[in-house]
Amino acid sequence: MPSRDGRRGALVAYCMVDRVRRGRYRALALAARQAGATHLELGFPFSDPIADGPVLQARADAAVRHGTDWRDLEAAIRDVASILPTYVMSYANPFWRRGLDRALAEIGRAGARGFLVPDLSLEESPPWRRASRRAGLELVLLAAPSSDRRRVAALARQSAGFLYLVSRYGTTGAGRTAGAAALAPIVRAAHEARPDLPVYLGFGIRDAASARSARRAGADGVVVATALEERFGELPRPATVGRILRPIARALRPVAT
Amino acid sequence: MPRRFGAYGGAYVPETLVPALSELERAWRAARRDPAFRRELAERARSFGGRPTPLHFAERLTARAGGAEIWLKREDLVHGGAHKFNNALGQGLLARRMGKPRLIAETGAGQHGVATAMIGAALGFATEVYMGEVDMERQRPNVLRMELLGARVRPVRTGQRTLKDAINEALRDWITNVRTTHYLLGSAVGPHPFPSMVADFQSVIGREILREARRRWGRPPHLAVACVGGGSNAIGTFHPMRRTSVELLGVEAGGPRGSTVGAASLTRGRPGILHGSYSYVLQDRSGEIADTQSISAGLDYAGVGPEHAYLRDAGRARYIAVHDEDALRAFRWLAEDEGILPALEPSHAIYAAVVEARRRPKRQRIVVTLSGRGDKDLEVVGRAVA
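Residues numbered from 1 in each chain as written. Chains lettered and ligands numbered in written order. Predicted model: local features only at pLDDT ≥ 70, side-chain atom pairs only at ≥ 80, totals over all residues. Heavy atoms only, no water.

Enquirer: A description of the sheet that holds strand 7 (residues 163–166) of chain A should follow, citing residues and the corresponding values.
Expert: All names here are of chain A. Strand order in the open sheet formed by nine strands is 5-4-3-2-1-9-8-7-6, and the pairing between neighbours is parallel. The sheet is open, and its two borders are formed by strand 5 (138–140) and strand 6 (142–143), each paired with just one other strand. Direction of pairing for strand 2 (residues 39–43) relative to strand 3 (residues 86–89): parallel, over a ladder of four bridges. Residue pairing for strand 3: Glu41 is matched across the bridge by Tyr87. (Pairing = 2+ DSSP bridges. Helix = DSSP H or I, 4+ residues; strand = E, 2+ residues; numbered from the N terminus.)

Enquirer: Could you give an account of empty space enclosed by the protein, naming the residues involved and the relevant values?
Expert: Summed over the entire model, instances satisfying the criterion amount to eight cavities of 30 Å³ or more. Estimated volume of the largest cavity: approximately 340 Å³. The wall of the largest cavity is formed by 30 residues, among which His83, Lys84, Ala109, Gly298 and Glu345 of chain B lie closest to the centre. Partitioned by chemical class, the residues of the lining of the largest cavity number 11 nonpolar, 15 polar and four charged. As a volume, the second largest cavity reaches approximately 220 Å³. Lining the second largest cavity are 23 residues; nearest its centre among them are Leu56, Tyr164, Thr172, Phe203 and Ala225 of chain A. Contributions of two or more residues to the lining of the second largest cavity are made by strand 9 (221–224) and helix 10 (226–232) of chain A. Considering only residue class, the lining of the second largest cavity consists of 15 nonpolar, five polar and three charged. (1 Å grid on protein atoms, 1.4 Å probe; cavity = no way out; pocket = protein on both sides within 12 Å on 5 of 7 lines; lining within 4 Å. Points joined across faces, edges and corners; volume = space filled by probe spheres on them. Nonpolar A, V, L, I, M, F, W, Y, C, P; charged D, E, K, R; others polar.)

Enquirer: Outline the pairing of strand 1 (residues 10–16) of chain A, listing residues and values.
Expert: Residues and elements named next belong to chain A. Summarising burial for strand 1: seven of the seven residues are buried, a large majority. The alternating pattern of strand 1 places Ala10, Val12, Tyr14 and Met16 on one face and Leu11, Ala13 and Cys15 on the opposite face, and all of these are buried. Of the pairings in the sheet, the one linking strand 1 to strand 9 comprises four bridges and is parallel in character. Residue Leu11 lies in a different strand from strand 9, and its bridge partner there is Val222. Across five bridges, the pairing between strand 1 and strand 2 is parallel. Within strand 2, the residue paired with Tyr14 across the bridge is Glu41. What joins strand 1 to strand 2 is helix 1 (residues 25–35), and the crossover it makes is right-handed. (Buried < 20%, exposed > 50% of the residue type's maximum accessible area, 1.4 Å probe, protein only. Right-handed = clockwise from strand over helix to strand, strands pointing away.)

Enquirer: Summarise the sheet that holds strand 3 (residues 55–57) of chain B; cite the residues concerned and give the values.
Expert: Residue and element names in this part refer to chain B. Spatially, 3-4-14-9-10-13 is the arrangement adopted by the six strands of the open sheet, whose pairing is mixed. With partners counted over all chains shown, the strands left at the sheet margins are strand 3 and strand 13 (317–323), one partner each. Across the sheet, the mean angle separating the axes of adjacent strands is 30° when strand polarity is ignored. Here strand 3 pairs with strand 4 (residues 69–74) via three bridges, running antiparallel. Bridge pairing in strand 4 places His56 opposite Leu72. (Axes fitted to C-alpha atoms, helices over the stretch in contact; angles between N-to-C directions.)

Enquirer: Would you mind going over unusual backbone geometry in detail, with residue names and values included?
Expert: Cis geometry is adopted by the peptide bond preceding Pro52 of chain B, which originates at Arg51 of chain B and carries an omega value of -5°. Counting through the fold element by element, Pro52 of chain B comes out in the loop between helix 2 (35–47) and strand 3. His192 of chain B connects to Pro193 of chain B through a cis peptide bond whose omega is 10°. The backbone phi angle of Phe203 of chain A is positive, close to 80°, even though this residue is not glycine. Mapped onto the elements, Phe203 of chain A comes out in the loop between strand 8 (199–202) and helix 9 (208–216). Overall, the relative accessible area of 10% leaves Phe203 of chain A in the buried class. You will see that His275 of chain B, though not glycine, has its phi angle at about 50°, which is positive.

Enquirer: Go over the layout of surface pockets, please, and point to the residues and values.
Expert: Residue and element names in this part refer to chain B. Taken as a whole, the largest pocket encloses approximately 420 Å³ of empty space. If you trace the largest pocket, you find 17 residues lining it, with Leu41, Ala42, Phe201, Val204 and Arg207 closest to the centre. Sorting the residues of the lining of the largest pocket by element identifies helix 1 (18–33), helix 2, helix 4 (84–98), helix 9 (194–202) and helix 10 (204–217) as the ones contributing at least two each. Among the elements that take part in the lining of the largest pocket, helix 2 stands out by supplying six residues, more than any other.

Enquirer: If you had to explain helix 10 of chain B to someone new, which residues and values would you point to?
Expert: Over its 14 residues, helix 10 of chain B extends 19 Å from the first C-alpha to the last, a length consistent with the 20 Å expected when each residue adds 1.5 Å. Within helix 10 of chain B the residues assigned to the buried category are Val204, Ile205, Gly206, Glu208, Ile209, Leu210, Glu212, Ala213 and Trp217 of chain B. (Expected span 1.5 Å × (residues − 1).)

Enquirer: Outline the interface of chain A and chain B, listing residues and values.
Expert: Contact residues are listed per partner, giving 35 residues for chain A and 36 residues for chain B. Counting each side, the surface lost to burial between chain A and chain B is near 2,900 Å², with a carbon and sulfur contribution of 51%. The largest share of the area that chain A buries against chain B comes from Ile50, Arg97 and Tyr169 of chain A, three residues that together contribute 26% of it. Across the contact surface, chain A and chain B share four salt bridges. Note that Arg4 of chain B and Glu124 of chain A form a salt bridge whose closest N and O atoms lie 2.4 Å from each other. Between chain A and chain B we count 20 residue pairs in polar contact (both at pLDDT 80 or more) in total. Broken down by secondary-structure element, the contributors of at least two residues to the side of chain A that touches chain B are helix 2 (54–65), helix 4 (92–98), strand 6 and helix 7 (149–158) of chain A. Here the side of chain A that touches chain B is composed, by residue class, of 18 nonpolar, nine polar and eight charged. (Contact = heavy atoms within 4.5 Å. Buried area = accessible area lost by both parts, 1.4 Å probe. Salt bridge = Lys/Arg side-chain N within 4 Å of Asp/Glu carboxyl O. Polar contact = N/O pair within 3.5 Å; in protein donor to acceptor, adjacent residues only side chain to side chain.)

Enquirer: Pulling in residues and values, what's your account of the packing of aromatic side chains?
Expert: Applying the stated rule across the entire model yields 19 aromatic pairs over all chains. Summarising the aromatic geometry, the rings of Phe44 of chain A and Trp70 of chain A are spaced 5.1 Å apart at their centres and angled 65° between planes, so their arrangement reads as edge-to-face. Within this pair, whereas Phe44 of chain A is found in the loop between strand 2 and helix 2, its partner Trp70 of chain A is found in helix 3 (residues 70–80), the two being separated by 26 residues in sequence. Here Phe44 of chain A and Trp70 of chain A have matching classes, each one buried. Centroid distance Tyr8 of chain B to Tyr280 of chain B: 5.7 Å. Interplanar angle 35°. Geometry classified as tilted. (Phe/Tyr/Trp six-rings, centres within 6.5 Å; stacked < 30°, edge-to-face > 60°.)

If you want it as structure tokens, here you go:
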């Protein structure tokens, strides 16, 4: 296997879908690609996001207040999916309420490559994995610092697209990652179980330093969400995307070996 | 212990919490088999909690209804003034067994917060209680009680600032501090093993009812009635009776007359995933959790325990909604006829019991779980009847 350090790290850029942001996604996606993003993650708001810190909570609140619905999500996917591979992030209930098969067929038709559900545990995931295969979508599972080696291996084996490694105990947003020394064994366990599956680190990736630390832990990429949303305000501008992502993308360039 | 009740239940939680839930389940299974744990639980329930609680004949309320006999299971006499003690004690002893130095809890009416604060003091935990700002305002006496008992009350300012939002914040705290903290969840909701475990600790209510009924009447009551928010006092009443002949009636909060939602997830919601379990949930077409409305903070919740969802679908228990105005009427009946100030939560159940008594013959017996006392509600009631 070629050294993972020899490759450029993936950079997943997040944006919450919000009815008032209609018509802006395409320009944001182009700016993200220009700045070095390799994937997009579109968040569908949920009223009770227990894994999220204050910034993403407030964004979800606003999007729900604005009457954002599933059609807004489908439209946003259609706007960006041809620019970068696009994943949908939401909590379990919005998918369930829509009907799992119907929801996945719809986002699949709109062009999504896969989806992630932060409150879907490995134990509850079998029907969701079957539905994702029927829809031809990748279901990305999440691992955490609390997962032991056996769980990390099981999560990596059942995950599709990539494995999302939560960087620390805590919610999304401000706060430090657990650090490369603590995270490296988890990344290694995932790679051993599934050498073909990249591991992307999320929660607390906000600048070049946190991205470099993710690379030191062995991660194949990072997810940037809160750092973008806290500067976006209600109506994000493409220039903001570039300003935040460019230094992170530079930190993800191949490590000289 | 079942992970699912029919289709309902499960554990829909972020991965960070999964190992902690497994640890909790293991600790609880081991404790149930440990005679020393069971002895300590029973002894503290007696000497600290005041158990067993009596079954009390509501003679004048029965005369007012003019039908079946109404009996009250006096959980309002438990230490702290509500059934919440039963579960807080059990989980507190478990947390000590697991070596966790810190307890967190959510509270709506404040009764679970008070119970957790009492247990935290008695067993020497650092205790923090999340409570919505709206609830802190309407249940002010309980905020003061928690603080006097040494707990820190953390105001929750997100969402509707009520029970659901307090649970969100407690879950976020647990995700952050799971290595040192036990989340002492107060209702039969949340991810597995909480619904089974809380039902287990609360089942002392139903077991005592059946025991005293057998002693007094030589048979179980005809009907058991309990209020349902998350559903812990109701499941504690119903669970031991589920394989008996007793009819089971759960009473949800209908909100003010004319309200389309109230807080009645079983009668007006549909299946969904909230706070880690699959159950009935009040929600909109996009799956966003609905705002709720009830005069009683303890019932003001958009979800309900998964075992109730199962009992409902199986037809084993019936669930109805009672409006704020009728709960207030029942509050006054119990005060004026029986000399008891009930909490607003069981006032919903009292109203339903009177309606049921009216249409039943005098030889039948109805047991209502009087889950808590009403001192905390005096301001709210005073304003409502003024």
